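# Secondary and tertiary structure notes
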Amino acid sequence: MAYFISSLQDPRLVASFQRVCGLFLQVEDVGSTNNSCGKGAGAESEQVSRTRPSINGYGTHPAEEGSLHLQGQGKPRYVVKNFFFYYLFRFAAALGQEIFYITFLPSTYWNFDPYVTRRLVGVWAIVMYLGQASKDIIKWPRPLSPPVVKLETRVDAEYGMPSTHAMAATAISFTFLIATMYRYKYSFALGLMASVLMSTLVSLSRLYTGMHTVLDVICGILLTGVLMGMTYPFWNILDDLQLTSPLTPVIAVVLPFLMSYNYPALDHYSPTRGDTTIILAVASGCTVGFWMNYQYGQTYEPTGPLPFEVPSITLQGALMAIARFLVGISVLVATRIIVKTISLKVVCTWFHVPDDMEARKRLEIEVPYKFATYSSIGFVATAIVPLLHQYLKLL
C-alpha cells in the first residue's frame, strides 16, 4: 500500500499523462530537439531532473504561462502536439479559478435561484478553507519540473496537497446537483453526468498543467466527499440560522476575518493566505447580503409548488439574463476597484508603509485590504445589484 501511494506521488506519472495528451517537454541545453514520441521526451526529462535541484516542484526556471515554446538557454520548453487537449484542459483549469467564481456564483443568484446559491457559497467556503489550510500544514511540494511541464506560475510558491481546484470543482458541481435534484424537475442521471464531467475535467486539468500529482487530486476529491457528507445533514439548519439570527452579520464578518488573520503561517510568502482571505471574505459579504435581503422580505427565490419546472430558454429570457449579468459584473468590477484603492490607502497609511508589492504581502496589510475588498463584492452582489436590477426593471 505504501508503495502504491508513493507511486501516485511520482511526477513521472504526471509527465506520462501530459505526453499521452500531446504535451512534451524540451530542454534547450540538452542539445536534442527530437520529441516526436513520449518515450524520448521522458528520457530527456529524467536526465535533467537528476542534475538540477528542486524548489517546490521546480528543477529549473518555470515556464511562462500561456506560451507554447520558451526561449532562453537552459530553460524548460514545451511543445503542444494536440491542441484539442491543450485548450480543453486550459479551459477546465479556469473553472477552478477566481474568474469562474466571480462570474458563476453571482450569475446563479441573479439568474437562477438564490436558494441554490446560498448552499454553493457555504459549501465552497468550508471546503476551500480546509483545503487551503491543509496545504500549508501538510507542506507537500508540487511535482518536479522536469520531468513535468508546468503551464502555470502564479501558484508556484504554494504547496500541492490537496488539489483545491479538484476540491472546488467537486464541491460546486455536486452541491449544485444535491441542492436542485428535489427542487427542480430534470433528469437526475443527466445532472449526475454533468457533475462528474465537470469535476473530472477540472481534476485532470491539474495533471495536464503539471500543478499536482495524482495523489493530490485523488485526496482533494475524497476530502471534499467527506466534508460534504459530514455537513449535508446541517445545510437547512445553517441556512435557516444565517437568514434569521440577529447575530448573523457580526458572526459572518468577525469569524471569517479572524480565520484569515490566523491562517497557518509559513517561513516564506505564499498566495494561499491571500486566496483564502478572498474566499472567506466573499462568503462573509454574501452571508450579510443574504441576511439583509431576508429581513426585508426580498429573497428573490422562485415561488410556487415544488418541484419547479426548469425555466425554458427563450430569446427574451436570454437577453434579460445577459443584461442582468453585464450590469451586475460592471458594478462588481467598479466595487473592486474603488474599495481596493481606498482600503489599501487606509491600511498602508495606518501602518506607515508605502503601497508597493512587498507591503501587500505583509499579513497586517494583505488580510485587511483583501477582506474589505471582497466582502464588499459579496455584499454588493447579493444585496445591492438585485435592487439595481429591480430599478432597471430587469427582474
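Overview of the structure. (Residues numbered from 1 in each chain as written. Predicted model: local features only at pLDDT ≥ 70, side-chain atom pairs only at ≥ 80, totals over all residues. Heavy atoms only, no water.)

On the surface, Leu-247, Val-250, Ile-251, Val-253, Val-254, Leu-255 and Leu-258 cluster together into a nonpolar patch covering about 600 Å² of accessible area. Mapped onto the secondary structure, Val-253 falls in helix 11 (residues 248–261). (Patch = residues over 30% accessible without salt bridge, like charges linked within 9 Å, V, L, I, M, F, W, Y side chains within 5 Å. Areas by Shrake-Rupley, 256 points an atom, 1.4 Å probe, with all protein chains shown as cover. Salt bridge = Lys/Arg side-chain N within 4 Å of Asp/Glu carboxyl O. Helix = DSSP H or I, 4+ residues; strand = E, 2+ residues; numbered from the N terminus.)

What follows covers the nonpolar core. Counting residues in each nonpolar core, the largest one holds 35 residues, and the members touching the most others are Tyr-101, Trp-110, Trp-124 and Leu-332. Going through the elements one at a time, helix 5 (98–111), helix 6 (114–138), helix 7 (164–180), helix 8 (188–208), helix 12 (271–295), helix 13 (315–350) and helix 15 (363–391) are the ones with two or more residues in this core. Residues within four places of Trp-124 in sequence aside, it is in contact with Tyr-101, Leu-105, Ile-172, Ile-279 and Val-282. (Core = buried A, V, L, I, M, F, W, Y, C linked by side-chain atoms within 4.5 Å. Buried < 20%, exposed > 50% of the residue type's maximum accessible area, 1.4 Å probe, protein only. Contact = heavy atoms within 4.5 Å.)

Now for the environment of Gln-242. As for its placement among the helices and strands, Gln-242 is situated in helix 10 (residues 235–244). Along the primary structure Gln-242 and Val-288 are separated by 46 residues, whereas in three dimensions their C-alpha atoms are 8.4 Å apart. Apart from residues lying up to four places away in sequence, Gln-242 is in contact with Arg-118, Thr-248, Thr-287, Phe-290 and Trp-291.

A few words on the pattern of salt bridges. Summed over all chains, the structure comprises 15 salt bridges. The partner of Arg-183 in a salt bridge is Asp-113, and the shortest N-O contact between them spans 2.6 Å. Taken as a pair, Arg-183 in the loop between helix 7 and strand 3 (184–185) and Asp-113 in the loop between helix 5 and helix 6 lie far apart in primary sequence, 70 residues in all. Arg-183 gets classed as buried once you look at its relative accessible area, which sits at 10%. Take Asp-113: its relative accessible area is 0%, and that puts it in the buried class. Across the pair Asp-239 and Arg-119 runs a salt bridge whose closest N-O atoms are separated by 3.3 Å. Within this pair, whereas Asp-239 is found in helix 10, its partner Arg-119 is found in helix 6, the two being separated by 120 residues in sequence. Each member of the pair Asp-239 and Arg-119 is classed as buried.

Before going further, it helps to examine the packing of helix 6 against helix 10. Closest axis-to-axis distance for the helix 6/helix 10 pair is 11 Å, and the angle between their directions is 105°. Considering the angle they form, helix 6 stands roughly perpendicular to helix 10. Taken together, the residues of helix 10 that come into contact with helix 6 (itself represented by Tyr-115, Arg-118, Arg-119 and Val-123) are Trp-235, Asn-236, Asp-239, Gln-242 and Leu-243. Residue composition of the contact of helix 6 with helix 10, by class: four nonpolar, two polar and three charged. (Axes fitted to C-alpha atoms, helices over the stretch in contact; angles between N-to-C directions. Parallel < 35°, antiparallel > 145°, perpendicular 65-115°, else oblique. Nonpolar A, V, L, I, M, F, W, Y, C, P; charged D, E, K, R; others polar.)

Look at helix 8: 30 Å from first C-alpha to last across 21 residues, which is about the 30 Å you get at 1.5 Å a residue. For helix 8, the full list of buried residues reads Gly-191, Ser-195, Met-198, Ser-199, Val-202, Ser-203, Ser-205, Arg-206, Leu-207 and Tyr-208. In the stretch just after helix 8, Gly-210 is the one whose phi turns positive, near 75°. (Expected span 1.5 Å × (residues − 1).)

Leaving glycine out, the prevailing phi sign among residues is negative, and the prevailing peptide bond configuration is trans. Across the junction of Met-161 and Pro-162, the peptide omega takes the value 0°, indicating a cis bond. Looking at the element boundaries, Pro-162 is found in the loop between helix 6 and helix 7. Backbone torsion omega between Leu-306 and Pro-307 reads -5°, so that peptide bond is classified as cis. Phi at Tyr-300 is positive, roughly 60°, even though this residue is not glycine. Within the secondary structure, Tyr-300 sits in the loop between helix 12 and strand 4 (308–309). One non-glycine residue, Lys-393, lies in positive phi territory at about 60°. For Lys-393, the position within the fold is in the segment after helix 15.

Summarising the element assignment, Pro-386 is placed in helix 15. You can call Pro-386 buried: its relative accessible area is 4%. Along the backbone, Pro-386 and Gln-298 are 88 residues apart, and their C-alpha atoms lie at a distance of 9.3 Å.

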